[in-house]
Amino acid sequence: MLIDVLPEEKLFAVHSLLEVLVEPLSRSLAMAPVEDEDLTPETAAALDRARASLARGEGVSHEEVLREFGL
């Protein structure tokens, strides 16, 4: 089979493609148009604050979030 000769790093891409082809919801989501929404001034300001916080190193790591939820 062709899949047997694929490099391991390509298997995820093939798996994702097959999911989209087989599963109706994944296919619908993959084919859905991107919705562009205008940002309100409040949302834009909140995003600016969040980005500044991350730039200062004040973010929470993925590992910390998982620990917090007991995962």
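Here the residue numbers are simple positions, counted from 1 along each chain's written sequence. Note on the predicted model: pLDDT of at least 70 is required for a residue's local features to be given, and 80 or more for side-chain atom pairs to be given and counted; whole-chain, interface and lining totals, by contrast, use all residues. Side-chain metrics in this entry use all non-hydrogen atoms of the structure; hydrogen atoms and water are not considered.

A.B. asks: I'd like to hear about the overall build of the protein chain, residue by residue, with values.
C.D. replies: Broken down by element type, the protein chain carries four helices and zero strands. Element order for the protein chain, N to C, with α for helix and β for strand: α-α-α-α. Only C-alpha atoms enter the radius of gyration; for comparison, a globular chain is expected to reach 2.2 Å times N to the power 0.38, where N is the number of residues. Here the C-alpha atoms of the protein chain give a radius of gyration of 20 Å, more than 25% beyond the 11 Å that 2.2 N^0.38 yields for 71 residues. With the C-alpha coordinates aligned to their principal axes, the bounding extent of the protein chain is approximately 50 × 35 × 25 Å. Only protein chains enter the area calculation, which uses a 1.4 Å probe; residues under 20% of their type maximum are buried, those over 50% are exposed, and those in between are partly exposed. The 71 residues of the protein chain split such that 3% are buried. We count a stretch as a helix when DSSP gives it H or I for four or more residues in a row; a strand needs E for two or more, and each element gets its number in order from the N terminus.

A.B. asks: Outline a nonpolar patch on the surface, supporting the account with residue identities and numerical values.
C.D. replies: Taken together, the side chains of Met1, Ile3, Leu6 and Leu11 make up a nonpolar region of the molecular surface, amounting to roughly 380 Å² of accessible area. Relative to the helices and strands, Leu11 is located in helix H1 (residues 8-22). The partly exposed category is assigned to Leu11, whose relative accessible area is 32%. Each patch groups residues whose relative accessible area exceeds 30% and which form no salt bridge, using 9 Å between like charges and 5 Å between nonpolar side chains of Val, Leu, Ile, Met, Phe, Trp and Tyr. The protein chains shown are the only cover counted for residues, whose accessible areas, like all others here, come from Shrake-Rupley with a 1.4 Å probe. Note on definitions: salt bridges are taken to be side-chain nitrogens of Lys or Arg within 4 Å of carboxyl oxygens of Asp or Glu.

A.B. asks: Please provide a residue-by-residue account of the pattern of salt bridges, values included.
C.D. replies: Oppositely charged side chains can form a pair if their charged atoms are brought close together. Summed over all chains, the structure comprises two salt bridges. Residues Arg51 and Asp48 are paired through a salt bridge, measuring 4.0 Å at the closest nitrogen-oxygen approach. With Arg51 and Asp48 both in helix H3 (residues 41-55) and three residues apart, the pair spans about one turn of that helix. A salt bridge links Arg56 to Glu58, with the nearest nitrogen and oxygen atoms 3.0 Å apart. In this structure Arg56 comes out as exposed when scored by relative accessible area, which is 55%.

A.B. asks: Give a description of a negative patch on the surface that names residues and reports values.
C.D. replies: On the surface, a cluster of negative charge is contributed by Glu35, Asp36, Glu37 and Asp38. By secondary structure assignment, the location of Glu37 is in the loop between helix H2 (24-31) and H3. What makes Glu37 exposed here is its relative accessible area of 65%. For the purpose of counting charges, residues Lys and Arg are taken to be positive, whereas Asp and Glu are taken to be negative. His and the chain ends are not included. Note on charges: their place is set at NZ of Lys, CZ of Arg, CG of Asp or CD of Glu.

A.B. asks: If you had to explain the environment of Glu8 to someone new, which residues and values would you point to?
C.D. replies: By the secondary structure assignment, Glu8 is in helix H1. As for Glu8 and Leu54, which are separated by 46 residues in sequence, their C-alpha atoms are 34 Å apart.

A.B. asks: Describe the confidence of the model for the protein chain, and please don't skip the residues or the numbers.
C.D. replies: For every residue, the pLDDT score states the predictor's confidence, bounded by 0 at the bottom and 100 at the top. Per-residue pLDDT for the protein chain averages 87, and the proportion of residues at 70 or more is 100%. Averaged over each element, pLDDT in the protein chain is lowest for H2 (80) and highest for H3 (94).

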